[in-house]
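Residues per chain, in single letters:
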Amino acid sequence: LYVGDVRIEVLYPYEKKEDENDNSLVTYISFCEYNILCLGDLTCSYEEEVIEYLKINNLKVDIIKIGHHGSSTSTSNELLDMCKAKYAIIMIGKKWVNVFPDLSIINRLNEYNIKVLSTKVLYSFTLHFYNKSIYISSVH
């Protein structure tokens, strides 16, 4: 799907899964020379299908929207190793701020030197793409 200069590609799911989280829409968005992988609530159980698609199509990832609010059931080392993203976005609703993200995910992202942008910390933020750079503004 093309919307102006934005290209959105649906990578997953291919068929209905038993766990509703594994039925999440996974998208790959290309915009302003940046590539964003949005994992929805996908768990590690099905990340391999996404990893294979990225490999086969030689797709790079600059920004990754972490799966399932940063739950320990999502965002495997294999996926992070494949992506080599610079930024990770973790979206957490108000009622879940004491539950997510799991510390193991934050530690994993730190091991990969990925800058974490979380609504738990920033509440709300905007990414601005300008002149091959990303600028982040927050209301917090």
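Attention in this report is confined to the structure presented alongside it.

What counts and how
Residues numbered from 1 in each chain as written. Predicted model: local features only at pLDDT ≥ 70, side-chain atom pairs only at ≥ 80, totals over all residues. Heavy atoms only, no water. Helix = DSSP H or I, 4+ residues; strand = E, 2+ residues; numbered from the N terminus. Rg over C-alpha atoms; globule rule 2.2 N^0.38 Å. Contact = heavy atoms within 4.5 Å. Areas by Shrake-Rupley, 256 points an atom, 1.4 Å probe, with all protein chains shown as cover. Lys, Arg positive; Asp, Glu negative; His and termini not counted. Charge placed at Lys NZ, Arg CZ, Asp CG, Glu CD. Salt bridge = Lys/Arg side-chain N within 4 Å of Asp/Glu carboxyl O. Buried < 20%, exposed > 50% of the residue type's maximum accessible area, 1.4 Å probe, protein only. Disulfide = S-S within 2.5 Å.

Okay, the overall build of the chain next. When you go through the chain residue by residue, the secondary structure sums to four helices and nine strands. Listing each helix as α and each strand as β along the chain from the N terminus yields β-β-β-β-α-β-α-β-α-β-α-β-β. Since a compact globule built from 140 residues should have a radius of gyration of about 14 Å, the 15 Å found for the chain is in line with a globular shape. In terms of its C-alpha atoms, the chain occupies a principal-axis envelope of roughly 40 × 35 × 25 Å. The contacts in the chain between residues at least 6 apart in sequence include a share of 56% that link residues at least 24 apart. For the chain, the computed accessible surface area is about 8200 Å², with 52% contributed by carbon and sulfur atoms. Side chains of the chain carry 14 positive and 18 negative charges; the gap between the two charge centres is 8 Å.

So, on to the pattern of salt bridges. Enumeration according to the criterion identifies five salt bridges in this entry. Of the charged contacts, one joins Asp81 and Lys84 as a salt bridge, the two residues approaching to 3.8 Å between their closest N and O atoms. With a relative accessible area of 60%, Lys84 lands in the exposed category. Through salt bridges with shared partners, one network takes in Lys60, Asp62 and Lys86.

The next point concerns the state of the cysteines. Counting across every chain of the model gives zero disulfides. Between Cys44, a free cysteine, and Cys83, which holds the nearest cysteine sulfur, the sulfur-to-sulfur gap is 12 Å. Judged by relative accessible area, Cys44 falls into the partly exposed class, the value being 31%. No disulfide involves Cys83; its sulfur sits 11 Å from that of Cys38, the nearest cysteine. For Cys83, a relative accessible area of 5% puts it in the buried group.

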